[in-house]
Amino acid sequence: MSTQHLPEHPDFLWRNPEPKSSYDAVVVGGGGHGLATAYFLAKNHGMTNIAVLEKGWLAGGNMARNTTIIRSNYLWDESAAIYEHALKLWEILPEELEYDFLFSQRGVMNLAHTLGDVRESIRRVGANKLNGVDAEWLDPQQVKELCPILNIRDNIRYPVMGATYQPRAGIAKHDHVAWAFARKCDEMGVDIIQNCEVTGFLKDGDRVVGVKTNRGTINTEKVGLCAAGHSSVLAEMAGFQLPIQSHPLQALVSELHEPVHPTVVMSNHVHVYVSQAHKGELVMGAGVDSYNGYGQRGSFHVIEQQMAAAVELFPIFARAHVLRTWGGIVDTTMDASPIVGTTPVENMFVNCGWGTGGFKGTPAAGMTFAHTIATGAPHALNKPFSLERFETGALIDEHGAAAVAH
Amino acid sequence: MLLIPCPNCGPRDETEFHYGGQAHVPYPENPNELTDTEWSRYLFYRENPKGIFAERWVHSTGCRQWFNMLRDTVSYDIKAVYKMGTPRPDSSSRATPETGTASTGPDSTTTGSAAPSTSTTSILSTTAPEGATK
Ligand SMILES: Cc1cc2nc3c(=O)[nH]c(=O)nc-3n(C[C@H](O)[C@H](O)[C@H](O)COP(=O)(O)OP(=O)(O)OC[C@H]3O[C@@H](n4cnc5c(N)ncnc54)[C@H](O)[C@@H]3O)c2cc1C
Ligand SMILES: [Zn+2]
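Since we're looking at a predicted model, the values are computed, not measured.

Participant: When you look at the packing of aromatic side chains in this model, what are you seeing that I'm missing?
Facilitator: Note on aromatic pairs: each is described by the distance of the centres and the angle between the planes. Per the stated rule, a full pass over the model turns up 15 aromatic pairs over all chains. Look at A:Phe314 and A:Phe317: their rings are 4.7 Å apart centre to centre, the planes differ by 10 degrees, and that puts the pair in the stacked class. Judged by relative accessible area, which is 0%, A:Phe314 ranks as buried. The class of A:Phe317 is buried, set by a relative accessible area of 6%. Here the aromatic cluster, defined as three or more aromatic residues joined through ring pairs, consists of A:Trp90, A:Phe101, A:Phe103 and A:Phe359. In this structure, B:Arg46 is placed above the aromatic ring of B:Tyr42, and the distance from its NZ or CZ to the ring centre is 5.8 Å.

Participant: Is there a simple way to think about the site of ligand 1 in this case?
Facilitator: Residues and elements named next belong to chain A. Among the 37 residues in the neighbourhood of ligand 1, the closest are listed as Glu54, Asn62, Met63, Thr67 and Lys360. In this structure, an oxygen atom belonging to ligand 1 sits 2.9 Å away from a main-chain N or O atom of Gly32. Alone, ligand 1 offers 1,000 Å² of accessible surface; in the complex the protein occludes 96% of this. Contributions of two or more residues to the shell around ligand 1 are made by helix H1 (32–45), strand E12 (245–256) and strand E16 (322–332). If one sorts the elements of the shell around ligand 1 by residue count, E12 sits on top with 3 residues.

Participant: I tried to follow the interface of chain A and chain B on my own but got confused; where do I start?
Facilitator: Accessible area lost during the coming together of the parts is what is often quoted as the interface size. Each partner contributes residues to the interface: chain A has 29 residues there, and chain B has 27 residues. Across the interface of chain A and chain B, roughly 2,400 Å² is buried in total on both sides, 51% from carbon and sulfur atoms. Viewed at the interface, chain B and chain A are joined by 0 salt bridges.

Participant: Help me understand the pairing of strand E2 (residues 50–53) of chain A in this model?
Facilitator: In regular strands, side chains alternate between the two faces of the sheet. All names here are of chain A. Of the two faces of E2, the one lined by Ile50 and Val52 and the one lined by Ala51 and Leu53 are each fully buried. Note that the unit made of strand E1 (residues 22–28), H1 and E2 has a crossover that is right-handed. Two elements, E2 and strand E8 (residues 191–193), share 3 bridges in a ladder whose sense is parallel. Bridged to Val52 within E8 is Ile192.

Criteria and cut-off values
- Here the residue index of a chain counts from 1 through its sequence in written order.
- Chain letters and ligand numbers both follow the written order, the letters beginning at A and the numbers at 1.
- Local features in this predicted model are restricted to residues of pLDDT 70 or higher, and side-chain atom pairs are both shown and tallied only at a pLDDT of 80 or more, whereas totals for entire chains, interfaces and linings draw on every residue.
- Think of the side-chain values as coming from all heavy atoms in the structure, minus any hydrogens and water.
- To pair, rings of Phe, Tyr and Trp, with the six-membered ring standing in for Trp, must have centres within 6.5 Å; the planes then decide the type, stacked if under 30 degrees apart, edge-to-face if over 60, and tilted in the middle.
- Per-residue accessibility, obtained with a 1.4 Å probe over protein chains only, is compared with the maximum for each type, and a residue is labelled buried under 20%, exposed over 50%, and partly exposed between these values.
- Counted as over-ring charges are cases with an Arg CZ or a Lys NZ within 6 Å of the ring centre that also lie within 35 degrees of the ring normal.
- One heavy atom suffices: a residue is near a molecule or strand as soon as one of its heavy atoms comes within 4 Å of it.
- Throughout this description, a polar contact denotes any pair of N or O atoms lying within 3.5 Å of each other; where both atoms belong to protein, one of them has to be capable of donating a hydrogen while the other can accept it, and for residues adjacent in sequence the pair is counted only when both atoms sit in side chains.
- Where accessible areas are quoted, they stem from the Shrake-Rupley method and a 1.4 Å probe; at the residue level, only the protein chains shown are allowed to cover.
- Counting from the N terminus, the helices are the DSSP runs of H or I reaching at least four residues and the strands are the DSSP runs of E reaching at least two.
- Here, residues are in contact when the closest pair of their heavy atoms is within 4.5 Å.
- A quick way to say it: buried area is the sum, across both parts, of accessible area lost when two parts are put together, with a 1.4 Å probe.
- In what follows, salt bridge is the name for a side-chain nitrogen of Lys or Arg lying within 4 Å of a carboxyl oxygen of Asp or Glu.
- Every crossover in which the path from the first strand over the helix to the second runs clockwise, viewed with the strands pointing away from the viewer, is termed right-handed.
- Strands qualify as paired when DSSP identifies two bridges or more between them.

All we've got here are geometric facts, nothing functional implied.
Right under this line is the structure:
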């Protein structure tokens, strides 16, 4: 028997309080967006008598299932504005949250494989520069210099014809991001309540006045929905509809390897995106499964197709082994842009529709959604992303425009 | 991978099919009279239930026919397949009223409320077909 004592358990990063009977505001969903929203409600608007209600554990949804790509090279002005704001926040958040979550600005490359891709990519580089977003067009030789393991020969089915490159883009440790926000929220007095599922809403006419949960009823003046893949389910409980379809989205990692991949490579056309995590796993994401699903898993052929593409682009991956695959439930909209704003229910606000690409938006979603909840009106950055745009026709169509959806 | 029971060809791999989203979405009867809100419902809003969903599939690399299917969006169990233009078999539970004109396109639905025709509907009773994704 060992006589050595185990070291002391490290401090917990947040309390696990019992829900109070009422709060000034309740945020539903303890993923990145819910936590960031609570953080900015407390920090920017002084609202500390608030709670984040999470049905499972913190970041157990998409937050800790994504491939952690952060970039802001979106085509349209509205998107460039909000995603670039997010990127600027990412640049200061490790210091502000006093937490090194390994934000690594190693650059992101978006490959072009057809003449159509090339034209669109060059157009996007131009649009990005006009919006103050760093962007470059690389020819295949320059692509190879930046990422030597990429196959740029022209005898493959979809040869690399060039790439856009955003040097300030990169990756971060998603679970640590959630914990960093959670710790700061907790310090400011926000109650983070896990294992607390919202099962319904209390309304007074058209106004929400409380939430029903599996741990009792909570009265509140304001509700912010940050439920990602479950947004439609919550909206239905509240008596309105969202133009959202929930789909499985899968990703996988290999076993650990020595550093071989210096940047992040995304390919819209063959649909794979790859980076190498700090520990050494190759992290790869696939496309969504075509069918609607809430199952947090998808079909294997999607993974198979993604692997085929990866091996063609990165021949040295042929001998790597898949260690683990998983899925999340992503909330897609028809224009591939998020919905952040008011709802038909008074005092209820919604942040959803970030679909396959909302990790990068986490800080800006939190900042603008907190502003919307606190003031009752959208911030300039999320104003275009209203639910009403589906009626006015002012869509922000980033499908295909945004250099793959993640 | 789902194992999808094509009503014409029998059980086939999901990779032989393409997805068509929600079934029973009729083209508006009088498009010119719709308000912007009503148009937005038709264009952008689809049901997104956590549970049984009536959806369309086409057997692209087989008989190339469209058909409707009831599937559980959590377990992915397939509950029923039935012909385009026939009402949803469990119409008691969640069916949306259909008020459009019948069209001949692949996404056609019928007007009215004819009882489900058992001859064209195969309800896969309680269990999923062997091989449905788990
Ligand atoms: C495989 C995969 C790869 C991805 N890759 C990228 C990427 O590289 N870059 C990028 O920018 N984005 C990516 N994304 C998208 C990104 O992860 C999401 O857009 C983002 O995480 C959504 O916000 P969130 O973190 O708040 O969501 P979530 O973490 O899903 O949070 C929602 C929370 O709500 C909770 N909830 C739901 N219903 C209830 C209820 N009734 N009561 C209480 N709580 C409830 C859920 O349990 C969940 O924890 C990816 C997603 C997936 C699945
Ligand atoms: Zn067939």
